[in-house]
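Now for the letters of each chain:
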Amino acid sequence: MINFQIQSDLSNIFNKAESGERLSFEDGIRLYESNDLLTIGKMADMVRKRKNGLKTYFTMNQHINPTNICRNSCLFCAFYRKDGEEGAYRMSLDTVRQKLEERIDEDIREVHIVGGLDDSLPYEYYLDVLRVVREVRPEVNIKAYTAVEIAYLAERSGKSWGAVLDDLMAVGLQAMPGGGAEIFSERVKRKLFMDKLSSEDWIHIHHLAHERGIRTNATMLYGHIESIEERVDHLVKLREGQDKSGGFLTFIPLAFHPENTKMHKLPQATGFDDLKNIAISRLMLDNFDHIKAYWVMLSTKIAQIALSFGADDIDGSVVEERIYHMAGADTAQMMTRKQLRNLISECGLEPVERDALYHIIQRDVA
Ligand code: V47
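Residues numbered from 1 in each chain as written. Predicted model: local features only at pLDDT ≥ 70, side-chain atom pairs only at ≥ 80, totals over all residues. Heavy atoms only, no water.

### Section: the overall build of the protein
To keep it simple, the criterion reads: Strands here mean DSSP runs of E at least two residues long; helices mean DSSP runs of H or I at least four residues long; both are numbered from the N terminus. For a compact globule the rule gives 2.2 Å times the number of residues to the power 0.38, and the radius of gyration it is set against comes from C-alpha atoms. Three labels apply to residues, based on accessible area from a 1.4 Å probe with only protein chains included: buried if under 20% of the type maximum, exposed if over 50%, partly exposed otherwise in between. Whether two residues are in contact is decided by their heavy atoms: any pair within 4.5 Å suffices. Note on areas: Shrake-Rupley, 1.4 Å probe, and residue coverage restricted to the protein chains presented here. As used throughout, the charge tally considers Lys and Arg to be positive and Asp and Glu to be negative, leaving His and the chain termini uncounted. A charge is said to be at NZ when it belongs to Lys, at CZ for Arg, at CG for Asp and at CD for Glu.
A tally of helices and strands in the protein yields 14 helices and 10 strands. Over its C-alpha trace the protein gives a radius of gyration of 20 Å, about what one expects of a compact globule, namely 21 Å for 366 residues. Along the longest, intermediate and shortest principal axes, the C-alpha atoms of the protein span 60 × 50 × 40 Å. Each of the 366 residues in the protein was classed as buried or not, and the buried ones make up 60%. Within the protein, counting contacts between residues at least 6 apart in sequence, those at least 24 apart form 75% of the total. When the accessible surface of the protein is totalled, it reaches about 14800 Å², and 49% of it is carbon and sulfur. Looking at charge distribution, the protein has the averaged site of its 46 positive side-chain charges lying 1 Å from that of its 56 negative ones.

The structure is reproduced here in structure tokens:
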């Protein structure tokens with residue numbers, strides 16, 4: 001039971017959140033229209049504590065982006081390059097192996113792999129990357145390839161989406177990251193990421209993964225040209241998708257970073273908007289167990305506050321993040337286990353180390 005007075009016009013929503021009643025589309029709009037951030041945050045914290053208590057998850061992970069060469073040209077992306085362009089790269093399998101071996105002394109539990117849609121790489125390369133990870137680190141969880149990459153590999157190989165997932169599972173795929181969802185709006189898609197999947201296809205590929213026992217994440221890219229109606233619609237579509245399969249693990253709101261993109265004139269989302277998105281997603285996504293405050297995108301300072309605004313996960317040690325750093329993120333490239341634990345404990349919360357599937361890692365910590 002939460003002990004504070006709701007003096008704003010959000011008391012109706014507070015009553016629903018307190019009793020566990022599902023919030024409507026209109027409730028979502030009212031939350032986004034409200035500037036009563038502390039009330040929204042308190043409500044989200046109440047839901048977060050009901051679901052996860054003080055537990056706050058983190059993971060020791062490694063990001064590998066095998067290629068940044070991409071046939072798409074999404075306006076929000078600073079990561080992609082065209083073949084031959086300055087800064088374009090394509091890792092050999094030996095380089096992938098070397099990246100993994102460089103960190104072999106660290107007890108990493110998740111390898112997170114995403115890259116571009118690279119027409120010069122054969123289908124088998126995408127499988128081989130996972131084979132290399134399995135060889136070097138047989139125990140690690142492999143979280144790889146967005147729904148956009150799955151659809152691309154299907155098109156390249158002439159196989160169905162399900163058959164591509166089967167091939168990837170056979171070489172170690174266990175989970176999929178939440179990228180590529182962007183914002184589920186045809187209007188925005190036509191303007192910013194014309195060649196990507198429709199919302200129906202993105203959700204369908206995740207359902208095919210869930211049917212096979214592959215757990216997946218979901219994201220929403222905000223802070224560009226989307227409206228609040230489009231944000232709420234995105235959350236409602238994900239909630240409906242989760243009702244059908246139950247296979248989503250965590251939701252990660254991602255703030256658009258404009259630097260080095262074709263939309264560099266847009267301002268970056270504010271801390272106020274970041275916290276609002278964390279809190280509203282916690283309130284709307286009643287069937288998601290976890291909301292992630294991705295420190296690389298938010299900064300460690302906002303991520304810490306987000307842990308009292310509905311988030312119960314802070315992602316991980318990361319190392320060599322490229323997508324945000326190419327877009328001007330000035331956060332660190334990595335965090336140690338100790339730093340992650342301290343960041344969480346300092347907020348009066350309980351750090352819990354997990355793998356990509358939210359299995360808890362027990363350790364003796366000094
Ligand atoms: O889909 C790309 C976003 C996503 C920019 O599942 C940008 O655990 C901001 O999905 N500014 C990829 N955002 C990252 C992603 C992710 C990250 C961390 C954890 C997980 C997980 C998933 O990044 C893309 C797109 O929405 N993105 N460019 C940019 N300039």
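Structure shown, so let's carry the discussion forward.
### Describing the site of the ligand
Convention followed: For this description, a residue counts as near a given molecule or strand if any of its non-hydrogen atoms is within 4 Å of it. Residues adjacent in sequence count toward polar contacts only when both atoms are side-chain atoms; beyond that, a polar contact is any pair of N or O atoms within 3.5 Å, and within protein one must be able to donate a hydrogen and the other to accept it. Every definition here rests on a 1 Å grid over the protein atoms only: cavities are sets of points where a 1.4 Å probe fits but cannot get out, pockets are open sets enclosed by protein on both sides within 12 Å along at least five of seven lines, and lining residues have some atom within 4 Å of a point. Whether a molecule sits in a cavity or pocket is decided by its atoms, more than half of which must lie within 2 Å of the grid points. Charged residues are taken to be Asp, Glu, Lys and Arg, nonpolar residues to be Ala, Val, Leu, Ile, Met, Phe, Trp, Tyr, Cys and Pro, and polar residues to be all remaining types, Gly included.
The environment of the ligand is formed by 24 residues, the closest being F76, K143, E182, H257 and K292. Backbone polar atom of G179 to an oxygen atom of the ligand: 3.2 Å apart, as the coordinates give it. In this structure, the ligand is accommodated by the largest cavity. Residue composition of the shell around the ligand, grouped by class: 12 nonpolar, 8 polar and 4 charged.

### Some thoughts on the pairing of strand β7 (residues 248–255)
Across a regular strand the side chains alternate sides, sitting on one face of the sheet and then on the other. Quick reminder of the rule: By definition, two strands form a pair when at least two bridges between them are found by DSSP. We call a crossover right-handed when, viewed with the strands running away from us, the connection from the first strand over the helix to the second turns clockwise.
Along β7, 8 of the 8 residues are buried, which leaves the element largely enclosed by surrounding structure. Of the pairings in the sheet, the one linking strand β6 (residues 215–222) to β7 comprises 6 bridges and is parallel in character. Bridge pairing links T219 to I252 in β7. Traced from β6 through helix α10 (residues 228–245) to β7, the parallel crossover comes out right-handed. Bridge count for β7 against strand β8 (residues 290–291) is 2 bridges, and the pairing is parallel. Looking at the pairing, T250 lines up with H290 of β8.

### Describing the pairing of strand β4 (residues 141–144)
What you see with β4 is no split at all: N141 and K143 on one side and I142 and A144 on the other are buried throughout. Alignment of strand β3 (residues 110–113) against β4, held across 4 bridges, turns out to be parallel. What sits directly across from V111, in β4, is I142. Between β3 and its parallel partner β4, the chain crosses via helix α5 (residues 123–136), and the hand of that crossover is right-handed. Strand direction decides the pairing type here: β4 and strand β5 (residues 173–176), joined by 2 bridges, are parallel. By the bridge assignment, K143 is partnered in β5 with A175.

### Things to note about empty space enclosed by the protein
The criterion, for reference: Grid points are joined across faces, edges and corners, and a volume is the space filled by probe spheres set on the points.
Applying the stated criterion to the full structure yields 2 cavities of 30 Å³ or more. In terms of lining, the largest cavity is formed by 41 residues, of which the most central are V114, G179, G180, E182 and I323. Only α6 (147–157), β6 and β7 provide two or more residues apiece to the lining of the largest cavity. Residue classes in the lining of the largest cavity are distributed as 20 nonpolar, 13 polar and 8 charged. Its boundaries defined by the atoms lining it, the second largest cavity holds a volume of some 80 Å³. Taken together, 14 residues make up the lining of the second largest cavity; nearest its centre are I183, K189, L197, S198 and S199. Here the lining of the second largest cavity is built from residues that sort into 6 nonpolar, 4 polar and 4 charged.

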